Amino acid sequence: MTAAFLFLLSLLSVLSTSLSQPPRDVRIDCGATEISTINDIEWLPDTGYVSSGTPKNVTTQVLNRTLATARTFPLKNNLFKKFCYEIPVDRTRKYMVRTTYFYGGIGGYIHTRPPVFDQIVDGTTWSMVNTTEYYMNGDSTYYEGIFKPTGKNLSVCLAANTHTDSDPFISALEVLILWDQMYNSTDFNTYALSLVARHGFGLGGMGIRYPDDLFDRYWAPFGESNSPALSSENVSVSGIWNLPPVRVFQTRLTKDQPEPLVLIWPPASLPNCSYYIALYFADDLVSVSSRMLDITINGITYYNNLSVTPAGVVVFANQWPLSGFTNLTLTPSPGSNVGPLINAGEVFKVLTIGGKTLARDVVAMESLKESFHNPPVDWNGDPCLPRQYSWTGVTCSEGPRIRIVTLNLTSLGLSGSISPNISKMTALTTILLGKNSLSGTIPVVHSLKGLEILHLEDNGLHGQIPPSLGNLKNLRELFLYNNNLTGQVPSNISGEPGLDLR
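Everything in this summary refers to the structure shown in the same document. (Residues numbered from 1 in each chain as written. Predicted model: local features only at pLDDT ≥ 70, side-chain atom pairs only at ≥ 80, totals over all residues. Heavy atoms only, no water.)

1. Re the environment of serine 333
Position of serine 333 relative to the elements: it lies in the loop between strand S23 (327–332) and strand S24 (341–342). For serine 333, the residues in contact, after removing those within four places along its chain, are Met292, Leu293, Asp294, Asn305 and Leu306. A distance of 2.8 Å separates a polar atom in the side chain of serine 333 from a polar atom in the side chain of aspartate 294. (Helix = DSSP H or I, 4+ residues; strand = E, 2+ residues; numbered from the N terminus. Contact = heavy atoms within 4.5 Å. Polar contact = N/O pair within 3.5 Å; in protein donor to acceptor, adjacent residues only side chain to side chain.)

Dropping the structure here:
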(Lines give C-alpha, C1' and ligand atoms only; values in the text may rest on other atoms or scores of the structure.)
Protein backbone atom coordinates (compact mmCIF):
# COMPACT_ATOMS: atom_id res chain seq x y z
CA MET A 1 0.00 0.00 0.00
CA THR A 2 1.34 3.40 -0.95
CA ALA A 3 1.23 5.98 1.82
CA ALA A 4 -0.67 9.20 1.37
CA PHE A 5 1.46 12.25 0.69
CA LEU A 6 0.97 15.91 1.53
CA PHE A 7 1.94 18.90 -0.60
CA LEU A 8 1.97 22.52 0.54
CA LEU A 9 4.67 23.71 -1.88
CA SER A 10 4.37 26.91 -3.83
CA LEU A 11 4.68 26.37 -7.57
CA LEU A 12 4.77 29.91 -8.83
CA SER A 13 7.96 29.37 -10.86
CA VAL A 14 6.55 26.23 -12.44
CA LEU A 15 3.27 27.92 -13.17
CA SER A 16 4.97 30.84 -14.88
CA THR A 17 6.87 28.42 -17.12
CA SER A 18 3.65 26.61 -18.03
CA LEU A 19 1.83 29.87 -18.70
CA SER A 20 4.47 30.81 -21.26
CA GLN A 21 3.53 27.68 -23.25
CA PRO A 22 -0.27 27.61 -23.50
CA PRO A 23 -1.71 24.13 -24.11
CA ARG A 24 -3.08 23.15 -27.49
CA ASP A 25 -6.28 21.18 -27.07
CA VAL A 26 -8.17 19.15 -29.66
CA ARG A 27 -11.94 18.78 -29.38
CA ILE A 28 -13.63 16.65 -32.02
CA ASP A 29 -17.36 16.65 -32.75
CA CYS A 30 -17.62 13.12 -34.12
CA GLY A 31 -19.72 12.82 -37.28
CA ALA A 32 -19.92 16.60 -37.75
CA THR A 33 -19.03 18.18 -41.09
CA GLU A 34 -18.05 21.69 -40.03
CA ILE A 35 -16.32 23.63 -37.27
CA SER A 36 -18.56 24.89 -34.48
CA THR A 37 -18.04 27.09 -31.42
CA ILE A 38 -19.87 26.24 -28.22
CA ASN A 39 -19.36 28.33 -25.06
CA ASP A 40 -16.29 29.92 -26.65
CA ILE A 41 -14.73 26.49 -27.29
CA GLU A 42 -13.95 25.38 -30.85
CA TRP A 43 -15.06 21.91 -31.94
CA LEU A 44 -13.64 20.33 -35.09
CA PRO A 45 -15.21 17.86 -37.53
CA ASP A 46 -13.61 14.43 -37.30
CA THR A 47 -12.79 13.79 -40.95
CA GLY A 48 -9.12 14.71 -40.54
CA TYR A 49 -8.59 12.33 -37.63
CA VAL A 50 -10.28 9.06 -38.63
CA SER A 51 -10.26 7.05 -41.86
CA SER A 52 -13.16 4.65 -41.30
CA GLY A 53 -16.69 4.59 -39.97
CA THR A 54 -19.86 6.41 -41.00
CA PRO A 55 -21.02 9.84 -39.80
CA LYS A 56 -24.64 9.83 -38.66
CA ASN A 57 -27.19 12.19 -37.20
CA VAL A 58 -28.98 11.60 -33.91
CA THR A 59 -32.75 11.85 -34.24
CA THR A 60 -33.34 12.53 -30.54
CA GLN A 61 -33.48 16.25 -29.84
CA VAL A 62 -30.46 17.45 -27.85
CA LEU A 63 -29.41 20.69 -26.17
CA ASN A 64 -25.70 20.03 -26.54
CA ARG A 65 -24.84 20.35 -30.25
CA THR A 66 -21.89 17.97 -29.97
CA LEU A 67 -24.39 15.19 -29.25
CA ALA A 68 -26.39 15.80 -32.43
CA THR A 69 -24.01 13.70 -34.55
CA ALA A 70 -21.97 10.56 -34.04
CA ARG A 71 -19.66 8.24 -35.97
CA THR A 72 -20.42 4.53 -36.07
CA PHE A 73 -18.13 1.65 -36.96
CA PRO A 74 -19.36 -1.57 -38.56
CA LEU A 75 -19.68 -4.60 -36.30
CA LYS A 76 -20.16 -7.12 -39.13
CA ASN A 77 -16.97 -9.12 -39.75
CA ASN A 78 -15.07 -6.81 -37.39
CA LEU A 79 -15.11 -8.62 -34.04
CA PHE A 80 -11.88 -7.81 -32.15
CA LYS A 81 -10.88 -5.19 -34.69
CA LYS A 82 -10.24 -1.62 -33.65
CA PHE A 83 -11.10 1.67 -35.31
CA CYS A 84 -8.93 4.60 -34.30
CA TYR A 85 -8.77 8.35 -34.17
CA GLU A 86 -5.20 9.59 -34.62
CA ILE A 87 -4.44 12.87 -32.81
CA PRO A 88 -1.06 14.62 -33.35
CA VAL A 89 0.54 15.22 -29.95
CA ASP A 90 3.75 16.11 -28.16
CA ARG A 91 4.96 12.74 -26.89
CA THR A 92 6.77 14.36 -23.96
CA ARG A 93 3.53 15.66 -22.42
CA LYS A 94 0.55 13.99 -20.78
CA TYR A 95 -3.03 14.43 -21.92
CA MET A 96 -6.51 14.19 -20.52
CA VAL A 97 -8.61 12.13 -22.90
CA ARG A 98 -12.40 12.37 -22.69
CA THR A 99 -14.82 10.34 -24.80
CA THR A 100 -18.55 11.14 -24.84
CA TYR A 101 -21.35 8.82 -25.94
CA PHE A 102 -25.02 9.54 -26.62
CA TYR A 103 -27.07 6.78 -28.20
CA GLY A 104 -30.25 8.56 -29.20
CA GLY A 105 -31.64 7.17 -32.43
CA ILE A 106 -28.41 7.19 -34.42
CA GLY A 107 -29.21 7.29 -38.12
CA GLY A 108 -32.92 7.12 -37.36
CA TYR A 109 -32.59 3.66 -35.80
CA ILE A 110 -33.26 3.12 -32.12
CA HIS A 111 -31.91 -0.16 -30.78
CA THR A 112 -33.40 -1.77 -27.68
CA ARG A 113 -30.08 -1.13 -25.96
CA PRO A 114 -26.85 0.55 -27.01
CA PRO A 115 -23.79 -1.54 -27.91
CA VAL A 116 -21.16 -2.50 -25.33
CA PHE A 117 -17.60 -2.27 -26.61
CA ASP A 118 -14.00 -1.52 -25.62
CA GLN A 119 -12.08 1.71 -25.85
CA ILE A 120 -8.31 1.70 -26.27
CA VAL A 121 -5.59 4.35 -26.05
CA ASP A 122 -2.43 3.47 -27.98
CA GLY A 123 -1.62 -0.09 -26.85
CA THR A 124 -3.59 0.05 -23.58
CA THR A 125 -7.11 -1.26 -23.05
CA TRP A 126 -8.76 1.66 -21.26
CA SER A 127 -12.24 0.45 -20.35
CA MET A 128 -15.44 -1.12 -21.55
CA VAL A 129 -18.04 1.37 -22.79
CA ASN A 130 -21.53 0.59 -21.51
CA THR A 131 -24.00 3.47 -21.80
CA THR A 132 -27.15 1.40 -21.22
CA GLU A 133 -28.19 2.99 -17.93
CA TYR A 134 -27.60 6.52 -19.22
CA TYR A 135 -29.39 5.74 -22.48
CA MET A 136 -32.48 4.54 -20.59
CA ASN A 137 -32.54 7.90 -18.79
CA GLY A 138 -32.02 9.85 -22.02
CA ASP A 139 -28.57 11.02 -20.92
CA SER A 140 -25.09 11.03 -22.40
CA THR A 141 -22.11 9.55 -20.61
CA TYR A 142 -18.41 10.29 -20.67
CA TYR A 143 -15.15 8.56 -19.81
CA GLU A 144 -12.00 10.38 -18.85
CA GLY A 145 -8.40 9.29 -18.44
CA ILE A 146 -4.86 10.65 -18.30
CA PHE A 147 -2.33 9.17 -20.71
CA LYS A 148 1.15 9.86 -22.02
CA PRO A 149 1.47 9.19 -25.78
CA THR A 150 3.81 6.46 -27.03
CA GLY A 151 4.44 8.14 -30.38
CA LYS A 152 3.84 11.23 -32.48
CA ASN A 153 0.10 10.48 -32.54
CA LEU A 154 -2.22 9.51 -29.72
CA SER A 155 -4.53 6.73 -30.91
CA VAL A 156 -8.00 6.60 -29.36
CA CYS A 157 -9.76 3.47 -30.61
CA LEU A 158 -13.11 1.70 -30.33
CA ALA A 159 -13.31 -2.07 -30.71
CA ALA A 160 -16.10 -4.63 -30.77
CA ASN A 161 -15.92 -7.39 -28.16
CA THR A 162 -18.14 -10.43 -27.56
CA HIS A 163 -20.67 -8.23 -25.69
CA THR A 164 -21.23 -6.04 -28.76
CA ASP A 165 -24.51 -6.59 -30.59
CA SER A 166 -24.67 -3.44 -32.74
CA ASP A 167 -22.23 -0.96 -34.26
CA PRO A 168 -19.83 0.80 -31.83
CA PHE A 169 -20.16 4.59 -31.92
CA ILE A 170 -18.78 7.80 -30.45
CA SER A 171 -20.25 11.30 -30.09
CA ALA A 172 -17.28 13.44 -29.06
CA LEU A 173 -13.57 13.11 -28.37
CA GLU A 174 -11.38 15.55 -26.45
CA VAL A 175 -7.60 15.38 -26.10
CA LEU A 176 -6.51 18.12 -23.69
CA ILE A 177 -2.93 18.79 -22.65
CA LEU A 178 -2.14 18.92 -18.93
CA TRP A 179 0.64 20.87 -17.29
CA ASP A 180 3.69 18.92 -16.15
CA GLN A 181 3.08 19.28 -12.41
CA MET A 182 -0.44 17.85 -12.55
CA TYR A 183 -0.78 14.30 -11.19
CA ASN A 184 3.01 14.16 -11.45
CA SER A 185 3.45 11.58 -8.68
CA THR A 186 2.31 8.96 -11.21
CA ASP A 187 4.89 7.51 -13.61
CA PHE A 188 2.99 7.88 -16.88
CA ASN A 189 5.62 5.85 -18.73
CA THR A 190 4.34 2.87 -16.74
CA TYR A 191 0.78 3.76 -15.73
CA ALA A 192 -2.30 5.64 -16.91
CA LEU A 193 -5.22 6.94 -14.84
CA SER A 194 -8.91 6.30 -15.56
CA LEU A 195 -11.36 8.61 -13.79
CA VAL A 196 -13.74 7.02 -11.31
CA ALA A 197 -15.03 10.12 -9.49
CA ARG A 198 -14.33 13.83 -9.26
CA HIS A 199 -16.55 15.73 -6.85
CA GLY A 200 -16.95 19.08 -5.19
CA PHE A 201 -18.28 18.32 -1.70
CA GLY A 202 -21.34 20.35 -0.79
CA LEU A 203 -21.42 21.75 -4.30
CA GLY A 204 -24.80 22.64 -5.76
CA GLY A 205 -26.13 23.21 -9.26
CA MET A 206 -24.56 21.79 -12.42
CA GLY A 207 -21.05 21.35 -11.11
CA ILE A 208 -17.84 23.08 -12.16
CA ARG A 209 -15.89 23.00 -15.41
CA TYR A 210 -14.30 25.50 -17.85
CA PRO A 211 -13.71 28.42 -17.49
CA ASP A 212 -13.54 27.92 -13.69
CA ASP A 213 -11.39 24.87 -14.32
CA LEU A 214 -8.73 25.90 -16.81
CA PHE A 215 -8.38 22.30 -18.02
CA ASP A 216 -12.14 21.71 -18.40
CA ARG A 217 -12.25 18.95 -15.81
CA TYR A 218 -15.80 18.36 -14.59
CA TRP A 219 -16.34 18.52 -10.82
CA ALA A 220 -19.72 16.99 -10.05
CA PRO A 221 -21.75 17.87 -6.95
CA PHE A 222 -21.62 15.48 -4.00
CA GLY A 223 -23.56 15.82 -0.78
CA GLU A 224 -25.61 18.70 0.51
CA SER A 225 -23.65 21.40 2.25
CA ASN A 226 -24.61 22.11 5.84
CA SER A 227 -22.61 25.34 6.01
CA PRO A 228 -22.71 28.69 4.21
CA ALA A 229 -20.60 29.22 1.12
CA LEU A 230 -17.01 29.99 1.97
CA SER A 231 -15.32 33.21 1.06
CA SER A 232 -12.51 32.87 -1.48
CA GLU A 233 -10.82 36.04 -0.23
CA ASN A 234 -8.83 34.21 2.43
CA VAL A 235 -8.23 31.03 0.41
CA SER A 236 -5.00 30.89 -1.62
CA VAL A 237 -4.60 27.47 -3.21
CA SER A 238 -2.22 28.16 -6.12
CA GLY A 239 0.36 25.86 -4.59
CA ILE A 240 -1.69 22.67 -5.03
CA TRP A 241 0.00 20.67 -7.78
CA ASN A 242 -3.14 19.33 -9.50
CA LEU A 243 -4.47 22.90 -9.86
CA PRO A 244 -8.07 22.40 -8.75
CA PRO A 245 -10.30 25.41 -9.47
CA VAL A 246 -10.74 27.91 -6.66
CA ARG A 247 -14.50 27.41 -6.81
CA VAL A 248 -14.29 23.92 -5.34
CA PHE A 249 -12.99 25.50 -2.13
CA GLN A 250 -16.07 27.70 -1.78
CA THR A 251 -18.23 24.77 -0.64
CA ARG A 252 -17.54 21.94 1.75
CA LEU A 253 -18.94 19.15 3.86
CA THR A 254 -18.23 19.60 7.53
CA LYS A 255 -19.34 18.95 11.08
CA ASP A 256 -20.26 21.79 13.42
CA GLN A 257 -18.90 19.89 16.38
CA PRO A 258 -15.53 18.10 16.78
CA GLU A 259 -16.91 14.71 15.76
CA PRO A 260 -16.26 12.32 12.84
CA LEU A 261 -17.55 13.05 9.34
CA VAL A 262 -18.32 9.75 7.58
CA LEU A 263 -18.86 9.58 3.82
CA ILE A 264 -19.51 6.70 1.44
CA TRP A 265 -17.36 8.02 -1.37
CA PRO A 266 -16.91 7.36 -4.22
CA PRO A 267 -20.65 6.61 -4.36
CA ALA A 268 -20.29 3.45 -6.51
CA SER A 269 -18.97 0.00 -5.69
CA LEU A 270 -15.47 -0.42 -7.10
CA PRO A 271 -13.70 -3.48 -8.51
CA ASN A 272 -10.71 -4.77 -6.58
CA CYS A 273 -7.87 -2.67 -7.93
CA SER A 274 -5.34 0.04 -7.12
CA TYR A 275 -6.52 3.64 -7.21
CA TYR A 276 -5.03 7.12 -7.22
CA ILE A 277 -6.83 9.20 -4.59
CA ALA A 278 -6.54 12.98 -4.10
CA LEU A 279 -8.44 14.80 -1.33
CA TYR A 280 -8.54 18.61 -1.26
CA PHE A 281 -8.91 20.84 1.79
CA ALA A 282 -8.85 24.59 2.52
CA ASP A 283 -10.20 26.66 5.42
CA ASP A 284 -11.23 30.28 4.92
CA LEU A 285 -11.29 31.00 8.64
CA VAL A 286 -7.90 32.52 9.30
CA SER A 287 -8.58 32.66 13.04
CA VAL A 288 -8.99 28.89 13.23
CA SER A 289 -5.58 27.55 14.17
CA SER A 290 -6.55 24.12 15.41
CA ARG A 291 -8.45 22.53 12.52
CA MET A 292 -6.54 19.27 12.54
CA LEU A 293 -7.97 15.99 11.33
CA ASP A 294 -7.17 12.31 10.85
CA ILE A 295 -8.25 10.52 7.68
CA THR A 296 -9.06 6.83 7.34
CA ILE A 297 -10.27 4.87 4.32
CA ASN A 298 -12.13 1.66 5.14
CA GLY A 299 -10.69 1.85 8.62
CA ILE A 300 -7.06 2.13 7.45
CA THR A 301 -5.05 5.24 8.27
CA TYR A 302 -4.71 7.46 5.21
CA TYR A 303 -3.21 10.54 6.88
CA ASN A 304 -2.93 11.76 10.47
CA ASN A 305 -2.74 15.25 11.97
CA LEU A 306 -3.60 17.08 8.78
CA SER A 307 -3.57 20.84 9.32
CA VAL A 308 -6.21 22.58 7.20
CA THR A 309 -5.40 26.25 6.51
CA PRO A 310 -6.32 28.93 3.95
CA ALA A 311 -3.22 27.92 1.96
CA GLY A 312 -5.00 24.73 0.97
CA VAL A 313 -3.65 21.22 0.88
CA VAL A 314 -4.03 18.03 -1.15
CA VAL A 315 -3.40 14.61 0.34
CA PHE A 316 -2.89 11.93 -2.27
CA ALA A 317 -2.02 8.27 -2.66
CA ASN A 318 -0.59 6.88 -5.89
CA GLN A 319 -1.83 3.31 -5.50
CA TRP A 320 -4.35 2.61 -2.79
CA PRO A 321 -6.28 -0.69 -2.84
CA LEU A 322 -10.06 -0.38 -2.89
CA SER A 323 -12.85 -2.90 -3.38
CA GLY A 324 -16.61 -2.51 -3.07
CA PHE A 325 -18.00 0.57 -1.36
CA THR A 326 -15.55 2.98 0.27
CA ASN A 327 -15.87 4.45 3.76
CA LEU A 328 -14.06 7.79 4.03
CA THR A 329 -13.89 9.02 7.61
CA LEU A 330 -12.54 12.40 8.74
CA THR A 331 -12.01 12.66 12.50
CA PRO A 332 -10.76 15.67 14.50
CA SER A 333 -7.22 15.01 15.66
CA PRO A 334 -6.62 14.92 19.44
CA GLY A 335 -6.63 18.49 20.69
CA SER A 336 -8.59 19.90 17.72
CA ASN A 337 -11.62 21.86 18.92
CA VAL A 338 -13.49 22.21 15.60
CA GLY A 339 -15.15 19.76 13.27
CA PRO A 340 -13.52 18.27 10.17
CA LEU A 341 -14.16 19.48 6.63
CA ILE A 342 -13.48 18.43 3.07
CA ASN A 343 -13.86 20.43 -0.14
CA ALA A 344 -13.20 18.10 -3.08
CA GLY A 345 -11.83 14.76 -4.13
CA GLU A 346 -10.71 12.71 -7.13
CA VAL A 347 -10.33 8.97 -7.59
CA PHE A 348 -8.73 7.30 -10.61
CA LYS A 349 -8.28 3.63 -11.37
CA VAL A 350 -4.60 2.93 -12.01
CA LEU A 351 -4.01 1.21 -15.36
CA THR A 352 -0.80 -0.55 -16.30
CA ILE A 353 0.34 0.64 -19.71
CA GLY A 354 0.04 -2.10 -22.32
CA GLY A 355 3.39 -1.32 -23.94
CA LYS A 356 4.09 -0.64 -27.59
CA THR A 357 5.35 -2.33 -30.71
CA LEU A 358 9.01 -1.67 -31.53
CA ALA A 359 9.17 1.70 -33.31
CA ARG A 360 10.99 0.45 -36.42
CA ASP A 361 8.27 -2.16 -36.99
CA VAL A 362 5.55 0.47 -36.56
CA VAL A 363 7.23 2.76 -39.10
CA ALA A 364 7.60 -0.14 -41.54
CA MET A 365 3.94 -1.12 -41.15
CA GLU A 366 2.83 2.46 -41.72
CA SER A 367 4.91 2.47 -44.91
CA LEU A 368 3.36 -0.82 -46.00
CA LYS A 369 -0.09 0.58 -45.27
CA GLU A 370 0.62 3.60 -47.48
CA SER A 371 1.89 1.39 -50.32
CA PHE A 372 -1.38 -0.58 -50.35
CA HIS A 373 -4.30 1.11 -52.10
CA ASN A 374 -6.84 -0.61 -49.84
CA PRO A 375 -5.25 -1.70 -46.55
CA PRO A 376 -7.43 -3.44 -43.94
CA VAL A 377 -9.77 -0.98 -42.25
CA ASP A 378 -8.40 -1.71 -38.79
CA TRP A 379 -4.81 -0.82 -39.61
CA ASN A 380 -4.68 2.07 -37.14
CA GLY A 381 -3.22 2.47 -33.68
CA ASP A 382 -0.57 0.08 -32.40
CA PRO A 383 -0.08 -2.90 -34.77
CA CYS A 384 0.34 -5.47 -31.97
CA LEU A 385 -1.43 -4.10 -28.90
CA PRO A 386 -3.68 -4.77 -27.17
CA ARG A 387 -2.98 -8.33 -28.27
CA GLN A 388 -6.61 -9.29 -28.85
CA TYR A 389 -6.88 -6.24 -31.12
CA SER A 390 -3.73 -6.59 -33.24
CA TRP A 391 -4.00 -5.52 -36.87
CA THR A 392 -5.60 -7.88 -39.37
CA GLY A 393 -3.01 -10.39 -40.56
CA VAL A 394 -0.40 -9.38 -37.95
CA THR A 395 1.09 -11.78 -35.39
CA CYS A 396 3.55 -10.47 -32.82
CA SER A 397 6.16 -11.84 -30.44
CA GLU A 398 5.69 -12.28 -26.71
CA GLY A 399 7.82 -10.63 -24.06
CA PRO A 400 8.81 -7.03 -23.34
CA ARG A 401 10.35 -6.38 -26.80
CA ILE A 402 7.34 -6.63 -29.08
CA ARG A 403 8.14 -7.41 -32.73
CA ILE A 404 6.02 -8.39 -35.73
CA VAL A 405 6.79 -12.00 -36.68
CA THR A 406 4.07 -12.90 -39.20
CA LEU A 407 2.17 -11.10 -41.96
CA ASN A 408 -0.73 -13.17 -43.28
CA LEU A 409 -2.62 -11.09 -45.84
CA THR A 410 -3.59 -13.89 -48.20
CA SER A 411 -6.69 -13.31 -50.35
CA LEU A 412 -7.60 -9.92 -48.88
CA GLY A 413 -8.06 -8.27 -52.29
CA LEU A 414 -5.08 -5.98 -51.75
CA SER A 415 -3.83 -3.76 -54.55
CA GLY A 416 -0.86 -1.43 -54.74
CA SER A 417 2.75 -2.40 -54.16
CA ILE A 418 4.98 -3.90 -51.46
CA SER A 419 6.92 -1.21 -49.64
CA PRO A 420 10.69 -1.80 -49.53
CA ASN A 421 10.49 -0.89 -45.84
CA ILE A 422 9.12 -4.36 -45.20
CA SER A 423 12.79 -5.32 -44.96
CA LYS A 424 13.09 -3.33 -41.71
CA MET A 425 10.86 -5.79 -39.86
CA THR A 426 13.80 -8.06 -39.16
CA ALA A 427 11.89 -10.37 -36.80
CA LEU A 428 9.63 -11.61 -39.61
CA THR A 429 9.55 -15.36 -40.08
CA THR A 430 6.48 -15.55 -42.35
CA ILE A 431 5.18 -13.30 -45.15
CA LEU A 432 1.95 -14.43 -46.84
CA LEU A 433 0.84 -11.99 -49.56
CA GLY A 434 -0.47 -14.47 -52.09
CA LYS A 435 -3.74 -14.31 -54.04
CA ASN A 436 -4.06 -10.51 -54.14
CA SER A 437 -3.70 -7.90 -56.90
CA LEU A 438 -0.33 -6.48 -55.94
CA SER A 439 1.92 -4.96 -58.61
CA GLY A 440 5.42 -3.53 -58.75
CA THR A 441 8.63 -5.38 -57.95
CA ILE A 442 9.69 -7.69 -55.16
CA PRO A 443 11.62 -5.57 -52.64
CA VAL A 444 15.10 -6.48 -51.45
CA VAL A 445 14.64 -8.49 -48.28
CA HIS A 446 18.13 -9.81 -47.55
CA SER A 447 17.97 -8.32 -44.03
CA LEU A 448 15.18 -10.75 -43.07
CA LYS A 449 17.62 -13.43 -41.91
CA GLY A 450 14.97 -15.36 -39.99
CA LEU A 451 12.43 -15.51 -42.83
CA GLU A 452 11.16 -19.05 -43.34
CA ILE A 453 8.07 -18.64 -45.51
CA LEU A 454 7.55 -16.18 -48.41
CA HIS A 455 4.32 -16.47 -50.42
CA LEU A 456 3.84 -13.96 -53.26
CA GLU A 457 1.90 -16.17 -55.70
CA ASP A 458 -1.12 -15.09 -57.78
CA ASN A 459 -0.36 -11.37 -57.97
CA GLY A 460 0.76 -8.99 -60.73
CA LEU A 461 4.37 -8.56 -59.63
CA HIS A 462 6.94 -7.90 -62.34
CA GLY A 463 10.67 -7.38 -62.76
CA GLN A 464 13.57 -9.60 -61.87
CA ILE A 465 13.55 -12.13 -59.06
CA PRO A 466 15.89 -10.45 -56.54
CA PRO A 467 19.27 -12.20 -56.19
CA SER A 468 19.12 -11.17 -52.51
CA LEU A 469 16.67 -14.03 -51.93
CA GLY A 470 19.77 -16.21 -51.98
CA ASN A 471 20.77 -14.76 -48.59
CA LEU A 472 17.69 -16.18 -46.87
CA LYS A 473 19.29 -19.35 -45.55
CA ASN A 474 16.30 -20.29 -43.37
CA LEU A 475 13.77 -20.18 -46.20
CA ARG A 476 11.56 -23.30 -46.34
CA GLU A 477 8.77 -22.12 -48.66
CA LEU A 478 9.03 -19.74 -51.64
CA PHE A 479 5.92 -19.34 -53.80
CA LEU A 480 6.30 -16.98 -56.79
CA TYR A 481 4.05 -18.55 -59.44
CA ASN A 482 1.41 -16.66 -61.46
CA ASN A 483 3.30 -13.36 -61.59
CA ASN A 484 5.18 -11.54 -64.36
CA LEU A 485 8.64 -12.10 -62.98
CA THR A 486 11.85 -12.62 -64.93
CA GLY A 487 15.14 -14.32 -64.08
CA GLN A 488 15.84 -17.35 -61.96
CA VAL A 489 15.64 -18.15 -58.30
CA PRO A 490 19.20 -17.84 -56.93
CA SER A 491 20.99 -21.14 -57.34
CA ASN A 492 22.36 -21.12 -53.81
CA ILE A 493 18.85 -21.71 -52.43
CA SER A 494 16.99 -23.31 -55.36
CA GLY A 495 18.76 -26.58 -54.75
CA GLU A 496 18.48 -26.51 -50.99
CA PRO A 497 16.98 -29.72 -49.60
CA GLY A 498 13.70 -29.11 -47.83
CA LEU A 499 12.87 -25.91 -49.77
CA ASP A 500 9.37 -25.94 -51.24
CA LEU A 501 9.83 -23.82 -54.38
CA ARG A 502 6.90 -23.03 -56.67
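2. Re the sheet that holds strand S33 (residues 477–479)
Across the sheet, six strands lie side by side as S26-S27-S29-S31-S33-S35; this open sheet has mixed pairing. The open sheet is flanked by strand S26 (394–396) and strand S35 (500–501), the only strands paired with a single partner. Here S26 runs beside strand S27 (residues 404–408); their pairing, made up of three bridges, is antiparallel. Bridge assignment links threonine 395 to a residue of S27, and that residue is threonine 406. (Pairing = 2+ DSSP bridges.)

3. Concerning the state of the cysteines
A complete count under the given rule lists two disulfides for this structure. Put simply, cysteine 84 and cysteine 157 are joined by a disulfide, and their sulfur atoms are 2.1 Å apart. A torsion of 100 degrees about the S-S bond marks the disulfide between cysteine 84 and cysteine 157 as right-handed. Of this pair, cysteine 84 sits in strand S7 (residues 82–88) while cysteine 157 sits in strand S12 (residues 153–160); the two residues are 73 residues apart in sequence, bridging distant segments of the chain. (Disulfide = S-S within 2.5 Å.)

4. Observations regarding the side chain of histidine 455
Within the fold, histidine 455 resides in strand S31 (residues 453–455). Separated by 2.7 Å, the side chains of histidine 455 and glutamate 477 make a polar contact. Those residues within four positions of histidine 455 in sequence are excluded, and the remaining contacts are Ile431, Leu432, Leu433, Gly434, Glu477 and Phe479.

5. Side note on the pairing of strand S19 (residues 270–281)
Strand direction decides the pairing type here: S19 and strand S22 (residues 313–324), joined by nine bridges, are antiparallel. From the neighbouring strand, leucine 279 faces S22, where its bridge partner is valine 315. Bridge analysis of S19 against strand S25 (residues 344–352) gives six bridges, and the strand direction is antiparallel. When the bridges of S25 are listed, tyrosine 280 appears paired with alanine 344.

6. Things to note about the nonpolar core
Grouped together as the largest cluster of nonpolar side chains are 38 residues, with contacts concentrated most on Met365, Ile404, Leu407, Leu428 and Leu478. Of all the secondary structure elements, the ones that give two or more residues to this core are helix H3 (359–371), S26 and S27. In terms of residues, this core owes the most to one element, H3, which gives three residues. (Core = buried A, V, L, I, M, F, W, Y, C linked by side-chain atoms within 4.5 Å. Buried < 20%, exposed > 50% of the residue type's maximum accessible area, 1.4 Å probe, protein only.)

7. Section: the side chain of asparagine 318
Relative to the assigned elements, asparagine 318 resides in strand S22. Here serine 185 takes part through its side chain, which lies 2.5 Å from a polar atom of the side chain of asparagine 318.

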